[in-house]
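Coordinates in review
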2 protein chains.
Amino acid sequence: MIISNNLKMYVQKLRSSNLRPTKQRLKICQFLFNREKTFHFTVETLNKKINKNKGMKVSLATIYNTVEAFTSAGYLKEILTSKNKSYYDTNTKSHHHFYDEGSKELTDIHYSQIKLSKVPTPPKGKKIKNLEVVIRIQK
Amino acid sequence: MIISNNLKMYVQKLRSSNLRPTKQRLKICQFLFNREKTFHFTVETLNKKINKNKGMKVSLATIYNTVEAFTSAGYLKEILTSKNKSYYDTNTKSHHHFYDEGSKELTDIHYSQIKLSKVPTPPKGKKIKNLEVVIRIQK
DNA sequence: TTTCTAGTTTAGAATTATTATAAACTATAG
DNA sequence: CTATAGTTTATAATAATTCTAAACTAGAAA
Ligand SMILES: [Mn+2]
Ligand SMILES: [Mn+2]
Ligand SMILES: [Zn+2]
Ligand SMILES: [Zn+2]
């Protein structure tokens, strides 16, 4: 895969969600999606990594806006683990996580690695939106 | 059960955890623990309910301090559900929850109501701290 | 190509949840 | 009763996030 091809791909991807392919968004796309493995992050860590090298600076407000836009568009998934801080995941498929309370890091658990053989029915009028497990681990 | 007996009980309970039985703490104990069913709350809702009636006012700082002290003492459990807001539970036994994204309310699921027939081993050097499931529900 | 405009970026202000500070108050040991 | 460590409280500080409004820009239309 060649970088320029990726760029074109991201332009398509953004356009298809009615998001203009700005240089900020493309930079964030390259950073987030041009990788082999799942990436888990907070806005704070993403901001640091995006603005580490001396290229064009992306403002913190734009990082927030973009993460929100990408989540709405289905390119990112929000993972609820930690109180007071939002975590995001480039793996948008349904899957589970380990959450390390020490390092505060998430690790994927493939969906098939956890089997829920008994699940309660939700209260009437309500349906299950999501059944992903977060297993808290520590030393 | 008579209120005055409860009061004595809470005095014991607090003393046994090296917490002085102040009138603020006893008021919060009465409110939280003198009830049949599990109570789920945030600091915001607890503060409102404690200070609704025209009795002695308990400051927000004390609500925070007390919830923290009771959680450390094992009288309350923190439930991680919502980003950016801490939820607490008077049911300190290991159990699961429904979390309604609309009403933002928690409902207990008894531990036996969910069966995890396959659970991955944690990364080496790490152990599972907690395996409680939060099932997100919506209309 | 230039023009127009809605969408976007940005710095900074505002908001929300929580924690820290430090002075006044109080439970309780002696 | 007195001393003192623990507690409460108003308020300030911090952290994460959202809001605001002005400057900027992508891309449609002229
Ligand atoms: Mn917070
Ligand atoms: Mn927050
Ligand atoms: Zn993941
Ligand atoms: Zn519960």
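As a starting point, this report considers the structure included with it.

Basis of the calculations
Residues numbered from 1 in each chain as written. Chains lettered and ligands numbered in written order. Predicted model: local features only at pLDDT ≥ 70, side-chain atom pairs only at ≥ 80, totals over all residues. Heavy atoms only, no water. Near = heavy atom within 4 Å. Polar contact = N/O pair within 3.5 Å; in protein donor to acceptor, adjacent residues only side chain to side chain. Helix = DSSP H or I, 4+ residues; strand = E, 2+ residues; numbered from the N terminus. Least-squares fit on C-alpha atoms with pLDDT ≥ 70 in both. Contact = heavy atoms within 4.5 Å. Buried area = accessible area lost by both parts, 1.4 Å probe. Salt bridge = Lys/Arg side-chain N within 4 Å of Asp/Glu carboxyl O.

Examining the protein's contact with DNA strand C
Not every one of the 19 residues close to DNA strand C is listed here, only the nearest: Thr22(A), Arg25(A), Thr62(A), Lys85(B) and Ser86(B). The protein-proximal atoms of DNA strand C, defined as those within 4 Å of the protein, are 78% sugar or phosphate. Between a phosphate oxygen of DNA strand C and a side-chain N or O atom of Tyr64(B), the distance comes to 3.0 Å. Those elements giving two or more residues to the surface near DNA strand C turn out to be helix H2 (23-33) and helix H4 (60-72) of chain A. A total of 3 residues in the surface near DNA strand C trace back to one element, the largest contributor, which is H4(A).

So, the relation of the copies chain B and chain A
Expressed as a screw operation, the relation of chain B to chain A combines 0.0 Å of axial shift with a rotation of 179°, fitting to an RMSD of 0.1 Å. Here the copies are linked by what is in effect a two-fold axis. It is Asn84(B) whose C-alpha, among those of chain B, lies nearest the rotation axis, at 2.0 Å.

Description of the interface of chain B and chain A
Of the residues lining the interface, 39 residues belong to chain B; the matching set on chain A comes to 39 residues. Carbon and sulfur atoms make up 58% of the area that chain B and chain A hide from each other, which totals about 3,500 Å². Inspection of the chain B/chain A interface yields 4 salt bridges. Between Lys129(B) and Glu101(A) there is a salt bridge whose closest N-O contact spans 2.6 Å. Counting across the chain B and chain A interface gives 16 residue pairs in polar contact (both at pLDDT 80 or more). Secondary-structure elements contributing two or more residues to the side of chain B that touches chain A are strand S4 (96-100), strand S6 (115-118), strand S7 (127-130) and strand S8 (134-138) of chain B.

By themselves these figures say nothing about function.
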